[in-house]
Number of protein chains: 2
Amino acid sequence: MNNTEKNKDVVISTRVRFARNIKGLPFPHKLTGQEEIYSVLMKTVNDCCNELFKGKFYKTGEMDKVFEQSLVEKHLISSELVDKPYGGVFIGDDETISIMVNEEDHIREQCIMPGFDLDNAYGKLLRLDKLLASKADIAYDRFFGYLTACPTNLGAAMRLSVMVSLPALTIGRKMSGLVASLQKIGFTTRGAYGEGTESEGFEYQISNQAAVGKSEETIKELFRKAVAQIVELERREREKLKKELGLDLKDKIMRSYGILTNCCKISSSEFMNLLGYVRLGVALGYIDKDIDRIDNLAVLSQPAMMCILTKKVLTAEERDRARAALVGKTI
Amino acid sequence: MNNTEKNKDVVISTRVRFARNIKGLPFPHKLTGQEEIYSVLMKTVNDCCNELFKGKFYKTGEMDKVFEQSLVEKHLISSELVDKPYGGVFIGDDETISIMVNEEDHIREQCIMPGFDLDNAYGKLLRLDKLLASKADIAYDRFFGYLTACPTNLGAAMRLSVMVSLPALTIGRKMSGLVASLQKIGFTTRGAYGEGTESEGFEYQISNQAAVGKSEETIKELFRKAVAQIVELERREREKLKKELGLDLKDKIMRSYGILTNCCKISSSEFMNLLGYVRLGVALGYIDKDIDRIDNLAVLSQPAMMCILTKKVLTAEERDRARAALVGKTI
């Protein structure tokens, strides 16, 4: 699929997540001090993953703290996993696949793909899920579906989400209306600071809510439709803004680009804000840059990632400088 | 002289002006409706100028209005001359020499040179002045010196001025002190909005005040010393700011450069402000650009100049766009 088919102008990435638990075994929050059980589980997960993907298994407590934090920033692990003494995660080399052990559920399978790419993300994860099911006794109830630690995940135990860039809907003050509409049809919208807030850099995460009683196919279909609608709404609003604001919008975008590519220090918050405008500029054809590089920059500029890139622990002031230096090297 | 000798990091240009009047002829404000007298005077001035320089003579009232305004913007004529029915000006092709007829005095001779270049500006003008004195009967009194319409010009009838860029002294809030000190030793400082005000783009014009009873050599020597002192003060303050503000200053400069070179529209005032920071960036070695091009940009971006460049009369909004477009072509 090319960028247009993946709707990369609006959709930054697609994430599919399955929650799985082992039959007869207490859920993680009830299962304490049972290191040997997790050792077996981690071995099983690692074996299955290695059969299908290139990658590596990391145990919590054994990971470098900065590296661990960078995985959180990249949404490859949750901050909950970090505190678990007997947990771990398999990270695929291309960082699309990450399989957590002993997070909220015994196993959390996740695949993130760039752009809107539900079929590939789902397909990749399904292969692993089938292999795992053949090696481990997964808790499944004919009436409830997959059993999960939190009842909201019961059933398909599948969470679909997209990270979307909605500058025009944000600037045009259409976000609260959209969030409410999505809520009604079972989708949650999160800004950088939680539900319903204005996001940093116009980025929002939209995911399906509890789906008890719905089949995976139904959930996927509803999700596909919702995302298509959001993409359409954002694109229409962009055209509208382009007409209404004209050169004022282009000026704002180009100034953002000018500051971003020339500054010597920049805070994370200003950085994300300017990057949001630059992303819009690329989508509108004002700036001739690769949108993947723009999105990559958002990831690379996170605190822990910058420590990894510069190979040292940075103060906030040093991060602001490193972040500015990073832009020149990346876009 | 190279840029360092001309102190171009601080001095944008040097101007020398002589006021001359014809013996026995009433001063311009008393001499009305005497077209034939000015015709003779203009011919004399034009003949002398043509003997020494390449250029053209323009009569007021016959000039294109936009072109006329562009001469005001470039300080080649005064706005007073524009309204005089029987006036004119010889403009040298390189725009260093401009000789006005029927402004405040019968003849106003002027030479502007880039950087601090008093000797060349003075020397060029002196050659013309001598030639003029041999062809016209210049009003000179052994006691008072050259006679002028305004008594403040009496004597040497010579006004020396420099256009200086003083970002560090402005940012460091040292300007009011400097203006007061210069006042005491006989120099007037003008910002963009008149005496003592904060200038646009950190630019100030500093000139000698009334000099009755002082010889040309004395005036030149005092002026040379004052300029050298200003240059020294500004340079010292720049080093101080560089130490105190460090990356904050560089960041401000580079952001200014980023906005200036990427914006799609920009007001004259913001433009001059950003250009002032960029000029400082070039002087501090942060930006590798030709300082002459920066200074040229300040001239080209004036309203009438932009109409000439774009070959049409522009609205304020169109000028803001043309100004932004100009930057990309010039630096």
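Residues numbered from 1 in each chain as written. Chains lettered and ligands numbered in written order. Predicted model: local features only at pLDDT ≥ 70, side-chain atom pairs only at ≥ 80, totals over all residues. Heavy atoms only, no water.

Right, let's get into unusual backbone geometry. Trans peptide bonds make up the majority, and among non-glycine residues the majority have a negative phi. Phi at Glu95(A) takes a positive value of approximately 60°, unusual for a residue other than glycine. By secondary structure assignment, the location of Glu95(A) is in the loop between strand E3 (88-92) and strand E4 (97-101). At Lys311(B), a residue that is not glycine, the phi angle is positive and equals roughly 60°. Looking at where Lys311(B) falls in the secondary structure, it is placed in the loop between helix H11 (303-310) and helix H12 (316-330). (Helix = DSSP H or I, 4+ residues; strand = E, 2+ residues; numbered from the N terminus.)

Time to look at the interface of chain B and chain A. A common way to state how big an interface is: give the accessible area lost once the parts meet. Each partner contributes residues to the interface: chain B has 16 residues there, and chain A has 16 residues. Buried area between chain B and chain A, both sides added, is near 1500 Å², and the carbon and sulfur share of it is 59%. Three residues, Leu247(B), Arg255(B) and Asn262(B), lead the burial of chain B against chain A; their summed loss comes to 39% of the area buried on that side. Inspection of the chain B/chain A interface yields 4 salt bridges. Put simply, Lys265(A) and Asp248(B) hold a salt bridge, and the shortest N to O gap is 2.5 Å. Here chain B and chain A share 10 residue pairs in polar contact (both at pLDDT 80 or more) between them. Ranked by residue count, the leading element in the side of chain B that touches chain A is helix H8 (residues 247-262) of chain B, at 10 residues. Of the residues belonging to the side of chain B that touches chain A, the class tally is 7 nonpolar, 2 polar and 7 charged. (Contact = heavy atoms within 4.5 Å. Buried area = accessible area lost by both parts, 1.4 Å probe. Salt bridge = Lys/Arg side-chain N within 4 Å of Asp/Glu carboxyl O. Polar contact = N/O pair within 3.5 Å; in protein donor to acceptor, adjacent residues only side chain to side chain. Nonpolar A, V, L, I, M, F, W, Y, C, P; charged D, E, K, R; others polar.)

With 72 residues, the main nonpolar core has Ile253(A), Leu260(A), Phe271(A), Ile253(B), Leu260(B) and Phe271(B) as its most contacted residues. The residues touching Ile253(B), leaving out its near neighbours within four places in the chain, are Tyr277(B), Leu280(B), Gly281(B), Leu284(B), Tyr286(B) and Ile287(B). (Core = buried A, V, L, I, M, F, W, Y, C linked by side-chain atoms within 4.5 Å. Buried < 20%, exposed > 50% of the residue type's maximum accessible area, 1.4 Å probe, protein only.)

On to the pattern of salt bridges. Residues and elements named next belong to chain A. Throughout the structure, instances matching the rule amount to 52 salt bridges over all chains. For Arg 224, the salt bridge identified is with Glu 221, shortest N-O distance 3.7 Å. Highlighted residues: Arg 224 and Glu 221, both in helix H7 (residues 216-245), separated by 3 residues, approximately one helical turn. One continuous salt-bridge network, built from bridges that share partners, spans Glu 103, Glu 104, Asp 105 and Arg 108.

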